Amino acid sequence: EQAALEKNSYNEGGWAVDGVAEAKAFRMFNDFCTKHADWERLSKAQKPYKVARLGGYNVAAFDIPRVKKYYESRNQFWKAAWYYPTDVYHLALWYFAITKEAETESYTLESVSKYFGIDSEGAHDALIDCMNTVEVARQITSRIQNLDVD
């Protein structure tokens, strides 16, 4: 656990200033999802409701299961389409498989960013990782527009 904290630039002083309690963080996240809930869905009873679309890098395997577990353990509904995330990690896997380009050393966000020439300094900082995820998605989508796939 200590290695994970160090990798993510944890420091006690910063956490004391910027950290929030788990329950508050999840409440803030649900408020964010509620504010950005623009995708209309139908319930089993055919009643419309709106949810936010989720996206990120490796969110389907890492982030979403953890967040889902938190809300389900409290029997809380969160206004997010966790079942249809836009996962740039999967886009990268697809891209490297279909193009047969040289593979990266791994498929971490940091390695894929490096492959596309994106600066990863400060990796594992939430904002930097978000910006790198967007740029990786841009790089891949611009390149797939020019693919000649038989």
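Residues numbered from 1 in each chain as written. Predicted model: local features only at pLDDT ≥ 70, side-chain atom pairs only at ≥ 80, totals over all residues. Heavy atoms only, no water.

Further remarks concern the pattern of salt bridges. Side chains that differ in charge, positive against negative, can pair when their charged atoms come close. Applying the stated criterion to the full structure yields four salt bridges. For Lys-68, the salt bridge identified is with Glu-72, shortest N-O distance 3.0 Å. Of this pair, Lys-68 and Glu-72 both sit in helix α4 (residues 59-73), four residues apart, which is roughly one turn of the helix. Looking at Lys-68, the relative accessible area reads 21%, which means it is partly exposed. (Salt bridge = Lys/Arg side-chain N within 4 Å of Asp/Glu carboxyl O. Helix = DSSP H or I, 4+ residues; strand = E, 2+ residues; numbered from the N terminus. Buried < 20%, exposed > 50% of the residue type's maximum accessible area, 1.4 Å probe, protein only.)

Let us look at helix α5 (residues 88-99). Side chains three or four residues apart in an α-helix point the same way, a direct result of the helix having 3.6 residues per turn. For α5, with 12 residues, the first-to-last C-alpha span of 16 Å sits near the 16 Å given by 1.5 Å per residue. If you check which residues of α5 are buried, you get Val-88, Ala-92, Tyr-95, Phe-96 and Thr-99. All buried residues of α5 lie within an arc of 90° about the axis, which places them on one face of the element. Tucked into the core, α5 has its buried residues touching β2 (48-56), β3 (80-87), α6 (109-115) and α7 (126-144). (Expected span 1.5 Å × (residues − 1). Arc of directions from axis to C-beta. Contact = heavy atoms within 4.5 Å.)

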